[in-house]
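Examining the three-dimensional arrangement
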Amino acid sequence: MPRLSEVIAALDALWPPQRAEQWDAVGTVCGDPDAEVSRVLFAVDPVQEIADEAVKLGADLIVTHHPLYLRGTTTVAAGTFKGKVVHTLIKHDIALHVAHTNADTADPGVSDALAGALDLRVTGPLVPDPTDPAGRRGLGRICELDHPETLAAFAARAAARLPRTAQGVRVAGAPDRLIRTVAVSGGSGDSLFEQVRAAGVDAFLTADLRHHPVSEAREQSPLALVDAAHWATEWPWCEQAAAQLDAVSERHGWGLRTHVSRTVTDPWTAHAPSDPSPSISGAPN
């Protein structure tokens, strides 16, 4: 079996930490470099449910997309929820490694996995990495559909193929508009509207779209917007990442066993749809 340091070196080769944004917190959070690793669990969020799942699974390493301590901390006391995660992991000899924005811009990266889940053909990055001479790395992806379909049909495709969440999928745009090209970005994407408009695509699928940016984007162009849950747009990366580590393990003869968590860690738990025919004029003053 490989040592943790060997597995981490392989993960850093897949998602070099130096390619993470300066504000990000990627890399190994806890773990003994000399400990042996036989089982790895991939998940989006390093929360207590995932730590408990790793304990039950007998995992030696958890790889998550989201950082545990993004803004730093002065304590890992078990009385805090993040500190409890750390205590659980160390108590059971489980390491934690994070690949966040360095996985977003990788080739393949988070948005490639999202495009794959939606059966879209990737034509290039939305925001190219200027340090990549091949022009394949970067943030987000520009994609094509095999056949044009309405916005309503495309939204239904996203709802059916992404993991089920309480939010589901929201749409801004005419339901019968034909969609041929799409930009996708796993996670929060409303900071990318300028690049999406410049790409000239018919629709943009991402997460965490806010009222004012969406309102302004809709006023500036006919771009259709498809808003899925943050967790759901990034979960496909876990399967892609596990397959990448499987390939490394096979090359080295490590015999690693990789697992992808199916635990839904999206924080939203329920959705109450609005009355389809409310009368605003009849609302009380």
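For the structure, see preceding data.
Residues numbered from 1 in each chain as written. Predicted model: local features only at pLDDT ≥ 70, side-chain atom pairs only at ≥ 80, totals over all residues. Heavy atoms only, no water.

What about the overall build of the chain?
- Scanning the chain for helices and strands turns up 9 helices and 11 strands.
- Here the C-alpha atoms of the chain give a radius of gyration of 20 Å, agreeing with the 19 Å that 2.2 N^0.38 yields for 285 residues.
- When the backbone C-alpha atoms are referred to their principal axes, the chain occupies close to 65 × 50 × 30 Å.
- Each of the 285 residues in the chain was classed as buried or not, and the buried ones make up 48%.
- With the model as given, the accessible surface of the chain reaches about 14300 Å², and the carbon-plus-sulfur share is 52%. (Helix = DSSP H or I, 4+ residues; strand = E, 2+ residues; numbered from the N terminus. Rg over C-alpha atoms; globule rule 2.2 N^0.38 Å. Buried < 20%, exposed > 50% of the residue type's maximum accessible area, 1.4 Å probe, protein only. Areas by Shrake-Rupley, 256 points an atom, 1.4 Å probe, with all protein chains shown as cover.)

Quick notes on the environment of Leu225
- Among the secondary structure elements, Leu225 is positioned in strand E10 (residues 224-228).
- Sequence-wise, Leu225 and Thr263 are 38 residues apart; in three dimensions their C-alpha atoms are separated by 27 Å.
- Not counting the four nearest positions on each side in its chain, Leu225 is found in contact with Arg170, Val171, Ala172, Phe193, Phe204, Leu209, Val214, Ala217 and Arg218. (Contact = heavy atoms within 4.5 Å.)

Structural notes on the nonpolar core
- Residues Trp15, Phe42, Leu61 and Trp237 are the most contacted members of the largest nonpolar core, which totals 49 residues.
- Top contributing element to this core by residue count: helix H9 (residues 230-252), with 9 residues.
- Residues in contact with Phe42, not counting those within four places in the same chain, are Trp15, Val63, Cys238, Ala241, Ala242, Leu245, Thr258, His259, Val260 and Ser261.
- In this structure, Ala51, Ile62, Tyr69 and Val85 belong to the second largest nonpolar core, which totals 15 residues. (Core = buried A, V, L, I, M, F, W, Y, C linked by side-chain atoms within 4.5 Å.)

Some remarks on the pattern of salt bridges
- Inspection of every chain in the model, using the stated rule, returns 13 salt bridges.
- We note a salt bridge from Arg121 to Asp146, for which the minimum N-O separation is 2.8 Å. Of this pair, Arg121 sits in strand E5 (residues 121-128) while Asp146 sits in strand E6 (residues 138-150); the two residues are 25 residues apart in sequence, bridging distant segments of the chain.
- With a closest N to O distance of 3.3 Å, Asp129 and Arg137 form a salt bridge. The residues Asp129 and Arg137 share a single accessibility class, namely buried.
- Taken together, the shared-partner salt bridges connect Arg121, Glu144 and Asp146 into one network. (Salt bridge = Lys/Arg side-chain N within 4 Å of Asp/Glu carboxyl O.)

Things to note about the sheet that holds strand E1 (residues 27-30)
- Read from one edge of the open sheet, 5 strands run E1-E4-E3-E2-E11, paired in mixed fashion. If you trace the sheet from one side to the other, it starts and ends with E1 and strand E11 (257-260), each paired once. With direction set aside, neighbouring strand axes in the sheet form an average angle of 25 degrees.
- One ladder, built from 4 bridges, connects strand E2 (residues 39-43) with strand E3 (residues 61-64); its direction is parallel. In the sheet register, Ala43 faces E3, and the bridge partner there is Thr64.
- Running at roughly 175 degrees to E11, H9 makes contact with E2, E3 and E11 of the sheet. (Pairing = 2+ DSSP bridges. Axes fitted to C-alpha atoms, helices over the stretch in contact; angles between N-to-C directions.)

Topic: the sheet that holds strand E7 (residues 169-172)
- The mixed open sheet is built from 6 strands, whose spatial order is E5-E6-E8-E9-E10-E7. Strand pairing shows two members of the sheet lacking a second neighbour, E5 and E7, which therefore form its edges. Pairs of neighbouring strands in the sheet enclose a mean axial angle of 25 degrees, with direction left out of account.
- Note: E7 against E10, 4 bridges, orientation antiparallel. Bridging across to E10, Ala172 finds its partner in Leu225.
- Contacts from helix H8 (residues 211-220) reach E7 and E10 within the one sheet, and its direction differs from that of E10 by about 160 degrees.

Description of the packing of aromatic side chains
- The full count for this structure, using the stated rule, is 2 aromatic pairs.
- Ring centres of Phe193 and Phe204 lie 6.0 Å apart, and the angle between their planes is 80 degrees; on these two criteria the pair is classed as edge-to-face. Linking Phe193 in helix H7 (residues 193-199) with Phe204 in strand E9 (residues 203-207), this pair joins segments that are 11 residues apart in sequence. Both residues of the pair, Phe193 and Phe204, count as buried. (Phe/Tyr/Trp six-rings, centres within 6.5 Å; stacked < 30°, edge-to-face > 60°.)

Quick word on the pairing of E3
- Of the two faces of E3, the one holding Leu61 and Val63 and the one holding Ile62 and Thr64 are both buried throughout.
- In this region the chain leaves E2, passes through helix H2 (residues 48-57) and returns to the parallel neighbour E3; the handedness of that crossover is right-handed.
- Read from E3 through helix H3 (residues 81-91) to strand E4 (residues 95-98), the crossover connection turns out right-handed. (Right-handed = clockwise from strand over helix to strand, strands pointing away.)

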